[in-house]
Amino acid sequence: MANQQEDQSKKQPSWFTPKRLLVIFCVINLINYVDRGAIASNGVNGNLQTCNNGTCTPASGIQGDFKLNNFKDGWLSSAFMVGLLVSSPIFASLAKSVNPFRLIGVGLAVWTLAVTGCGFSFNFWSIIICRMLVGVGEASFISLAAPFIDDNAPPPQKTAWLSIFYMCIPSGYALGYVYGGLVGTRLSWRAAFWGEAILMLPFVILGFVVKPLQMRGFKRDESKVAVAVSQLQDSGASETKAAMKIKKHLSRFMKDMKELLVEKVYIVNVLGYVAYTFVIGAYSYWGPKAGYNIYHMKNADMMFGGVTIVCGVLGTVAGGFVLDYMTNTITNAFKLLATATFIGAIICFGAFCLKNTYGFLALFAVGQLLVFAVQGPVNYICLHCVKPSLRPLSMAISTVAIHIFGDVPSSPLVGVLQDHIKNWRTTALILTSIFIPAAVIWFIGIFLHSEDRYNEESEKQKSTTEVEEKKAESTAEPVTYSTLV
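Since the structure is predicted, the reported quantities are computational estimates derived from the model, not experimental observations.

Time to look at the side chain of Thr-341. In this fold, Thr-341 is placed in helix α15 (residues 330-353). If we ignore the near neighbours within four places in the chain, the residues touching Thr-341 are Val-374, Phe-435, Ala-438, Ala-439 and Trp-442.

Next up on the list: the packing of aromatic side chains. Enumeration over the complete set of coordinates arrives at 17 aromatic pairs. Ring plane angle 70 degrees and centroid distance 5.2 Å describe the contact between Phe-124 and Trp-125, whose orientation is recorded as edge-to-face. Trp-125 sits in the exposed class, given a relative accessible area of 58%. Plain terms: the ring middles of Phe-360 and Phe-364 are 5.2 Å apart, the flat faces sit at 15 degrees to each other, and that makes the pair stacked. Of this pair, Phe-360 and Phe-364 both sit in helix α16 (residues 357-371), four residues apart, roughly one helical turn. Side by side, Phe-360 and Phe-364 carry an identical accessibility label, which is buried. What links up through ring pairs into an aromatic cluster is the set Tyr-273, Tyr-276, Tyr-283, Tyr-295, Phe-352, Phe-360, Phe-364, Phe-435 and Trp-442.

Tracing the backbone shows Met-326 in helix α14 (residues 300-326). Remark: the alpha-carbon pair of Met-326 and Leu-336, spanning ten residues in sequence, is separated by 9.4 Å.

With that out of the way, let us pick up a nonpolar patch on the surface. Taken together, the side chains of Val-106, Leu-201, Ile-205, Phe-208 and Val-209 make up a nonpolar region of the molecular surface, amounting to roughly 450 Å² of accessible area. Considering every element that reaches the nonpolar patch, the biggest residue donor is helix α10 (residues 189-209), with four residues. Residue position: Phe-208 is located in helix α10. Given the relative accessible area of 40%, Phe-208 is considered partly exposed.

So, how was this worked out
- Residues numbered from 1 in each chain as written.
- Predicted model: local features only at pLDDT ≥ 70, side-chain atom pairs only at ≥ 80, totals over all residues.
- Heavy atoms only, no water.
- Helix = DSSP H or I, 4+ residues; strand = E, 2+ residues; numbered from the N terminus.
- Contact = heavy atoms within 4.5 Å.
- Phe/Tyr/Trp six-rings, centres within 6.5 Å; stacked < 30°, edge-to-face > 60°.
- Buried < 20%, exposed > 50% of the residue type's maximum accessible area, 1.4 Å probe, protein only.
- Patch = residues over 30% accessible without salt bridge, like charges linked within 9 Å, V, L, I, M, F, W, Y side chains within 5 Å.
- Areas by Shrake-Rupley, 256 points an atom, 1.4 Å probe, with all protein chains shown as cover.
- Salt bridge = Lys/Arg side-chain N within 4 Å of Asp/Glu carboxyl O.

Any link to function would need more than the numbers given here.
Right, dumping it as structure tokens:
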């Protein structure tokens, strides 16, 4: 009777409904990107002291306090990527042996501590180290959140749900500009980081106290049954050595990597995403400063933030709904990616050619609507061109690639380019032209043979679970499935 009650309680639905899960993950993602927008804002990032005709503008923000040139200042945006790049594959690999939902909780805890440390930093290297740890904390969430959402979304609306999640990127950046401008100006740039930590703290607690969710392709029950069978069969054996465990994890990781990197659809998708992210990353970091210098915007944080949040949200969500309307297939996703990016690139390029501020904002807004439409479709391809058990690794390697070749080098390189050219308009036009290679690469993807592999392992997993359960029952009578779980 007790075992039956345990089984029934296990089958009860989690506290997370699919929509509630989506909302919580969206808020967490929003806070992540508020942090990125805040450190790029003039209120937090600041400026060096400048003097013109005897009139001097005092130094402000991080750049002013630590006396950073544009190259070093650019690394403030990219430093957290180092931690993210190293940690993303590790978290994706651990998801096969540790509950993915608990891994998200661990990552958010690290993120909160690291952001708090940013507020206490005392020089360039101290804040750089804290930014790296911010990336470590974000790695688990970035790798694992999208597969959870894809599992819970209604089949006809999968791209729309992913787009809603990814709209938090532009809206988070935009809110970060505004938040950083307000808090950094009225209080201090340090207070902006402490405020972010307070906002994230409830979700850290949530990640540890609620019943963990399961992810498609990772059966907790199956793994626990297998472990129990192994323990029963080898009861007299000594504990597995740490070296053997590490070797096993590395072997599994290399096998998964080999399988992932021979998938042509995945590779082409990520290559286009790299070129796209190179531009978007530099836009997000240098945008307010470029607007301030080219168009003399008095409230560049507010203006860029307002345009980005409206166009980013509308464009990202629209991209998902358009793909679902077209029928969410990988080929249709590539068509949407190539078309939206190419047209958006032309419009953004034209915007930077204009000298009128309001004309620039109007045209740039239209361009942003189009370029942000790719967020849902590009991640839909990453999740559906591989089998379910590879999705966390797929997202992790995609994240590693777009950052290490995209926005990690783009911010400091644009800083170097601007230091050399000393003309923000020319710098912005050169940067915008890199959208064109992204569109061309995604256009090639239209002609590749592709298939949706979302359901590939379902039957195999089901049969494997049944075999393992029967094996456990026959091996030892006292051990039951319910007690193992």
